[in-house]
Amino acid sequence: MRPVTRNLVVGLLVVVGLLLALGAVPSLLASGAPYYVTATTADAPDGVTPVNGSDLSERRFPYTFAAVGTADGGTGRSDAYYRGPFGLKGSFTHSPFDERGAYETQYPSAVTGEGAYVRLDNVTYRVAVVRGEP
């Protein structure tokens, strides 16, 4: 094998290895204060149309479903999400901020400054991203 070809193959393998490592590492990066999605039972204000929760995918909104699943008629909270250093993690993982953005884009009539309103099993929840203590 010619040296140029060998160097190219080695370079490509290093790049592939780094990309694979970046895909595995984000779940291990935890720095700063955690963020949670909270779900609180609430009546939707006038002019707000809650999202029909049965139309949402549990795979697309895992933080919302985790928070609603622990609400039990009061307030529920999802697992913690840490942003990670240098903003690297956000590029490789799903975050509560992605869910908030999806509500703002797909269901603008369900969003207020306090959060989004979701109706699931005949209960309306106010779903919001909150910052916890480190």
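Rules used in this analysis
- Residues numbered from 1 in each chain as written.
- Predicted model: local features only at pLDDT ≥ 70, side-chain atom pairs only at ≥ 80, totals over all residues.
- Heavy atoms only, no water.
- pLDDT = per-residue confidence, 0-100.
- Helix = DSSP H or I, 4+ residues; strand = E, 2+ residues; numbered from the N terminus.
- Buried < 20%, exposed > 50% of the residue type's maximum accessible area, 1.4 Å probe, protein only.
- Pairing = 2+ DSSP bridges.
- Core = buried A, V, L, I, M, F, W, Y, C linked by side-chain atoms within 4.5 Å.
- Contact = heavy atoms within 4.5 Å.

### Focus: the confidence of the model for the protein
Any residue range with low pLDDT should be treated as having predicted coordinates unsuitable for detailed reading.
Then, in step 1: Confidence in the prediction of the protein, expressed as mean pLDDT, is 83, and 84% of residues score 70 or more.
Then, in step 2: Taken element by element, the predicted model of the protein shows its lowest mean pLDDT in helix α3 (residues 88-92) (59) and its highest in strand β5 (residues 115-120) (91).

### Considerations on the pairing of strand β1 (residues 35-41)
Then, in step 1: Among the seven residues of β1, six are classified as buried, and the element is accordingly described as predominantly covered.
Then, in step 2: As defined by bridge partners, β1 adjoins strand β6 (residues 123-131) across seven bridges and the pair is classed as antiparallel. Its bridge partner lying in β6, threonine 40 is registered against arginine 126.
Then, in step 3: Bridge count between β1 and strand β3 (residues 75-77): three bridges; the pairing is antiparallel. Bridge pairing links threonine 38 to arginine 77 in β3.

### Comments concerning the nonpolar core
Then, in step 1: Among the nonpolar cores identified, the biggest contains 21 residues, and Leu56, Tyr103 and Tyr125 are the most heavily contacted of them.
Then, in step 2: Contributions of two or more residues to this core are made by β1, α2 (62-69), α4 (96-106), β5 and β6.
Then, in step 3: Element by element, the count of residues in this core is highest for α2, at four residues.
Then, in step 4: When neighbours within four sequence positions are excluded, leucine 56 is seen to be in contact with Val51, Phe61, Phe65, Tyr103, Tyr107 and Val118.

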